[in-house]
Amino acid sequence: MTGSRNSIKNKLIIIQTATAFIVVLVCCMFFVFNDIRTFKDSAKRKMYSLARIVGENATSTLVFLDQDAATQILMKLNKEPDIVQAAVLDKNGKLFARYIKHQALSSSPPIVDISKPATSEFEGRRLMVSYPLYQDSAFLGTVILHAELNDLNKIIISYINVAGLVLLTAIIASLIISLFLQRSIVYRLLRLVSKTKEVAKTGNYALRVDGTGSDEIGILADGFNNMLTQIEKMEKFLKETNESLKNYSMTLERTNRELEEFAYISSHDMKSPITSLVGILTLMQQKDAIKPEHRHLFDLAFNSATQMRKTIHALNEIIAFRKTLKIERQKIDLAEALEEVKLRIYDLIISSGALITADFSKCPFVNYPAVHLKSIFQNLLTNAIKYKQEGSPPVIDIKTTSWENFVVLEVRDRGLGIDMERYKDKLFGLFQRFHIHTEGMGIGLHMIHSIVESYGGKILIESEVNEGTTFKIYLGNAPL
Amino acid sequence: MHHFNKVLLVDDDAATNFLAELAFRNLAIANEIQVAGDGLAACELLKQNNCPDIIFLDIRMPRMDGFDFLDYFNQMNVCKRVKVVMLTSSTRSEDKARALSYTAVIDYIEKPLTEQVIQKIADAHFGR
């Protein structure tokens, strides 16, 4: 975790310092061990030479068994500060002469395996050298030197000091180098990071990272800049598209308004002359102003005029209705709304003998514009009554259910039904009629469809010819 | 001038049918004139296989409109030699183009159907 949380800056410093430390430490250790070995070797050689010189001088004393002379020779070794003890042994290994630097030190005679040739052994910082003496290849005795290499400690300490100094220098140097590297790597990376943050915060895609280069960070920065350029281009494109779409939709809205106005004015202006025409024709009919042989012609003219008046009235109705499609929702008690609609078409219900049942128990309320909900009820009821089976009263079942955020209003009749195979694409078209022997104008379903769609719903129709039709109206039930 | 044995008028507007029938009677060039109130009624007549020479067909009608009639007529496999003239008040060019894309349709004329128009059609499509 800390690995990914540490900043690159710290990681780089740690890596560099650790590397420098390890390299310098290994080098120092190598040099220290090498120098100690060299020192020991030279000490050995020196002691060996001394042993040889002492031995050559002492050969005659052994021949003449002159112990004093031998001791005198050994005493000369006090000029050598390292030698703490020196001894000459006779050919039987018995002590012949001896020199001890400090009397307090071990007074026991050194035990040496006399059969051995010249040897030198280290024991810690103590060095023991033995040198066998011969005359005419006859073994005479042995010279033994004991040295304590006091300088070795000093040398080791000084080496440690030097190594410490070198390590310190290396760490400082690597720190300084790291700081310089930061300028070329970390600083640039950090700049990239801060730019990224700035872009994310301000959303200004016109920003760029400056001071790129040809290394990986340079490539990264170039890539970053390129991406920004792309995003900036896309954003510009989106803005322009959005702008033109906005203009387009404004133009559409204006055209729509003009068309609505045009339809309104033209249907309105046609309304009064056709009303007058129908009135005059009615008057003529009442006054018996038509000769019997022209009766048929007159009836045709009268029918055409009344048909046109109905169409123009329907057009007016549709246009007026379209203006109401933005009414706000309110909480409606479905049972109450249905009762009100039934009162409005009371005569139709009574004359047709319609049987209407309603079950709103599962979903008794809906948030919808009251005028539109009643319009839906009225159109569905009048349709079900108009397109009833010949010879039997219409039977209409109404119920509501709830599905997702819709109130599903289901109206089922057992009337003529609709040939869904043939008419499925035309069901909601204006002035579309699917039966000829009834009064319909073909605007009811069109109006219901417009209402339901404009409040976010849909209509499903299931129908069989001569079996009946079921309308499922999905009323978009948004909260108030 | 060509003499039609049988003419079928298909329109839901009785006045249109009456005026067309009158024009034919005045010209006296048809033995028989049949009238159908919409596409479906026309289909019923055609199924009796008593084929007309020419059909005058409206577009906007209840139950089965002119185009649906033409589609249905194509599948019916009766009266294959019948020629159809669209007689409509629609001035939309897409309606005209669509109508003329049917092989049976020989002309597209706007209401009303007058004697001159009938003469022109007879000369142009049925020879002298």
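Residues numbered from 1 in each chain as written. Chains lettered and ligands numbered in written order. Predicted model: local features only at pLDDT ≥ 70, side-chain atom pairs only at ≥ 80, totals over all residues.

Scanning chain B for helices and strands turns up five helices and five strands. Beginning at the N terminus, the succession of helices and strands in chain B can be written as β-α-β-α-β-α-β-α-β-α. Within chain B, the proportion of its 128 residues that are buried is 30%. Within chain B, contacts between residues at least 6 apart in sequence are counted, and of these 68% link residues at least 24 apart. (Helix = DSSP H or I, 4+ residues; strand = E, 2+ residues; numbered from the N terminus. Buried ≥ 20, exposed ≤ 12 C-beta atoms within 10 Å, placed from the backbone. Contact = placed C-beta atoms within 7 Å.)

With that out of the way, let us pick up the interface of chain A and chain B. With seven residues of chain A at the interface, the matching set in chain B holds eight residues. Looking at the side of chain A that touches chain B residue by residue, the classes come out as three nonpolar, three polar and one charged. (Nonpolar A, V, L, I, M, F, W, Y, C, P; charged D, E, K, R; others polar.)

Another aspect to go through is the sheet that holds strand E11 (residues 458-464) of chain A. Residues and elements named next belong to chain A. The mixed open sheet is built from five strands, whose spatial order is E7-E9-E10-E12-E11. In this open sheet, the two edge strands, each paired with only one partner strand, are strand E7 (355-359) and E11. Geometrically, the sheet is characterised by an average inter-axis angle of 15° between neighbouring strands, direction not taken into account. Relative to the sheet, helix H12 (residues 444-454) contacts E11 and strand E12 (468-476), its axis offset from that of E11 by approximately 140°. (Pairing = 2+ DSSP bridges. Axes fitted to C-alpha atoms, helices over the stretch in contact; angles between N-to-C directions.)

Moving on, we get to the sheet that holds strand E5 (residues 138-148) of chain A. The strands that make up a sheet are held in pairs by hydrogen bonds between backbone atoms, and each pair lies either parallel or antiparallel. Residue and element names in this part refer to chain A. Strands sit in the order E2-E1-E5-E4-E3 across an open sheet of five strands; the sheet is antiparallel. One side of each edge strand has no neighbouring strand; the edge strands of this open sheet are strand E2 (95-100) and strand E3 (119-123). Here the strands of the sheet are splayed against their neighbours by 15° on average, with no regard to which way each runs.

It is worth spelling out the confidence of the model for chain B at this point. All names here are of chain B. Looking at chain B as a whole, the pLDDT averages 89, with 99% of positions reaching at least 70. Here helix H5 (residues 115-126) stands out as the element of chain B with the lowest mean pLDDT, 89, in contrast to strand E3 (residues 54-57), whose mean of 95 is the highest. Here the predicted complex scores 0.54 on pTM and 0.70 on ipTM. (pLDDT = per-residue confidence, 0-100.)

To continue, consider the packing of helix H5 (residues 186-202) of chain A against helix H6 (residues 216-286) of chain A. Residues and elements named next belong to chain A. In contact at an axis separation of 10 Å, H5 and H6 are set at 15° when each is read in the N-to-C sense. On the basis of their axis angle, the class for H5 and H6 is roughly parallel. Crossing of H5 against H6: the hand is left-handed. Listed contacts from H6 to Arg188, Leu189, Leu192 and Val199 of H5 are Ile217, Leu220, Ala221, Phe224 and Leu228. (Parallel < 35°, antiparallel > 145°, perpendicular 65-115°, else oblique. Left-handed = near helix turned anticlockwise from the far one by under 90°.)

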